[in-house]
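# Overview (structure and organization)
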Amino acid sequence: MKTIEIAAKIRILDESELTLDQKNVVDAAKLATSRSYSPYSHYKVGAACLLDNGEIITGSNQENAAYPSGLCAERTAVFYAQSRYPEARILKLCIIGKTASDIYSKGVCAPCGACRQVILEAEYRNGAPIEILLPSQQGIYVINGISTLLPFGFSYDEVTE
Ligand code: THU
């Protein structure tokens with residue numbers, strides 16, 4: 001028998017330790033929570049992508065009376081970024097959630113499984129990992145690439161000969 005071990009290091013930074021680029025993407029995601037359309041869950045999620053052309057593209061969760069038809073904030077942001085600037089690389093992605101009483105959630109707003117798969121594809125298009133920033137009341141989790149959150153993600157390699 002063989003075993004493999006999967007380990008990951010996640011840095012947790014104070015706001016004062018963020019670079020200017022990190023701070024700008026976190027601020028953009030915070031602002032994007034205000035544009036959430038979430039009348040069903042009342043959980044407002046904002047996301048922001050920093051692109052290598054300097055643009056910051058934001059998204060927020062968009063819900064629907066037919067629940068599965070809604071979309072998460074980070075997928076909205078990533079798809080918008082890729083449809084607006086298909087040649088650009090996504091360098092950083094921040095996701096943040098606010099509760100019904102407009103308070104930032106205690107823990108991180110970690111991307112759901114489907115969003116992790118979409119972020120994996122964005123990294124594939126990039127040819128490089130995306131830095132994922134997840135603010136929480138304990139600090140900002142900084143994750144260098146989706147493989148930390150999605151080990152064994154389904155990749156392009158599997159569908160090519
Ligand atoms: N949601 C996001 O937008 N991103 C996440 O990472 C987790 C969940 C949204 C989907 C739904 O509109 C609401 O949060 C509650 O699940």
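See above for the structure.
In this text the structure is predicted, and so the values were computed from the model without any measurement.

### A closer look at the sheet that holds strand β6 (residues 139-144)
Taking strand neighbours across the sheet as the criterion, the six strands line up as β1-β6-β5-β4-β2-β3 in an open arrangement whose pairing is mixed. Looking at which strands have only one partner, the edges of the open sheet turn out to be β1 (11-13) and β3 (56-60). Here the average twist between neighbouring strands, direction ignored, is 20 degrees. Pairing geometry for strand β5 (residues 131-136) and β6, over six bridges, is antiparallel. The residue bridging proline 135 from the neighbouring strand is isoleucine 140, located in β6. Against the sheet, helix α1 (residues 20-33) engages β1, β2 (44-51), β3, β4 (90-98), β5 and β6, with an angle of about 145 degrees to β2.

### Regarding α1
With 14 residues, α1 should reach 20 Å at 1.5 Å per residue; the first-to-last C-alpha distance of 20 Å fits that figure. Every buried residue belonging to α1 is among Gln22, Val25, Val26, Ala28, Ala29, Ala32 and Thr33, and all of these are buried. Considered in projection along α1, the buried side chains sweep an arc of 160 degrees and stay on one side of the axis. Facing away from the buried side of α1 by more than 90 degrees, the exposed set consists of Leu20 and Leu31. If you follow the buried residues of α1, they end up packed against β1, β2, β3, β4, β5 and β6.

### Considering the site of the ligand
The full set of residues close to the ligand is Ser41, Tyr43, Val45, Asn61, Glu63, Cys72, Ala73, Glu74, Cys109, Ala110, Pro111 and Cys112. One of the backbone nitrogen or oxygen atoms of alanine 73 is found 2.8 Å away from an oxygen atom of the ligand. The backbone of alanine 110 places a nitrogen or oxygen atom 3.2 Å from an oxygen atom of the ligand. In isolation the ligand has 380 Å² of accessible area, and contact with the protein removes 74% of it. Taken together, the residues of the shell around the ligand sort by class into eight nonpolar, two polar and two charged.

### Some points on the nonpolar core
Core analysis: the biggest nonpolar cluster contains 26 residues, and Leu51, Ile90, Leu93 and Ile132 have the highest contact counts within it. Every element with two or more residues in this core is listed here: β2, α2 (73-84), β4, α3 (113-126) and β5. If we ignore the near neighbours within four places in the chain, the residues touching isoleucine 90 are Cys49, Leu50, Leu51, Val78, Ala81, Gln82, Ala122, Asn126 and Ile130. Core analysis: the second largest hydrophobic core is formed by 13 residues, Ala28, Ala29, Cys94 and Ile140 among them.

### Focus on the pairing of β6
Strand direction decides the pairing type here: β1 and β6, joined by three bridges, are antiparallel. Counterpart to arginine 11 in the pairing with β6 is valine 142. Where β5 hands over to β6, the hairpin turn is made up of two residues, counted between the paired strands.

### Quick look at the packing of α2 against α3
The N-to-C vectors of α2 and α3 enclose an angle of 25 degrees; their axes lie 10 Å apart at closest approach. In terms of their interaxial angle, α2 and α3 are classed as roughly parallel. At the point where α2 passes α3, the crossing takes the left-handed sense. Seen from α2, the contacting residues are Glu74, Arg75, Val78, Phe79 and Gln82; seen from α3, they are Ala114, Cys115, Val118, Ala122 and Arg125. Grouping the constituent residues of the contact of α2 with α3 by class yields six nonpolar, one polar and three charged.

Parameters at a glance
Residues numbered from 1 in each chain as written. Predicted model: local features only at pLDDT ≥ 70, side-chain atom pairs only at ≥ 80, totals over all residues. Heavy atoms only, no water. Pairing = 2+ DSSP bridges. Helix = DSSP H or I, 4+ residues; strand = E, 2+ residues; numbered from the N terminus. Axes fitted to C-alpha atoms, helices over the stretch in contact; angles between N-to-C directions. Contact = heavy atoms within 4.5 Å. Expected span 1.5 Å × (residues − 1). Buried < 20%, exposed > 50% of the residue type's maximum accessible area, 1.4 Å probe, protein only. Arc of directions from axis to C-beta. Near = heavy atom within 4 Å. Polar contact = N/O pair within 3.5 Å; in protein donor to acceptor, adjacent residues only side chain to side chain. Areas by Shrake-Rupley, 256 points an atom, 1.4 Å probe, with all protein chains shown as cover. Nonpolar A, V, L, I, M, F, W, Y, C, P; charged D, E, K, R; others polar. Core = buried A, V, L, I, M, F, W, Y, C linked by side-chain atoms within 4.5 Å. Parallel < 35°, antiparallel > 145°, perpendicular 65-115°, else oblique. Left-handed = near helix turned anticlockwise from the far one by under 90°.

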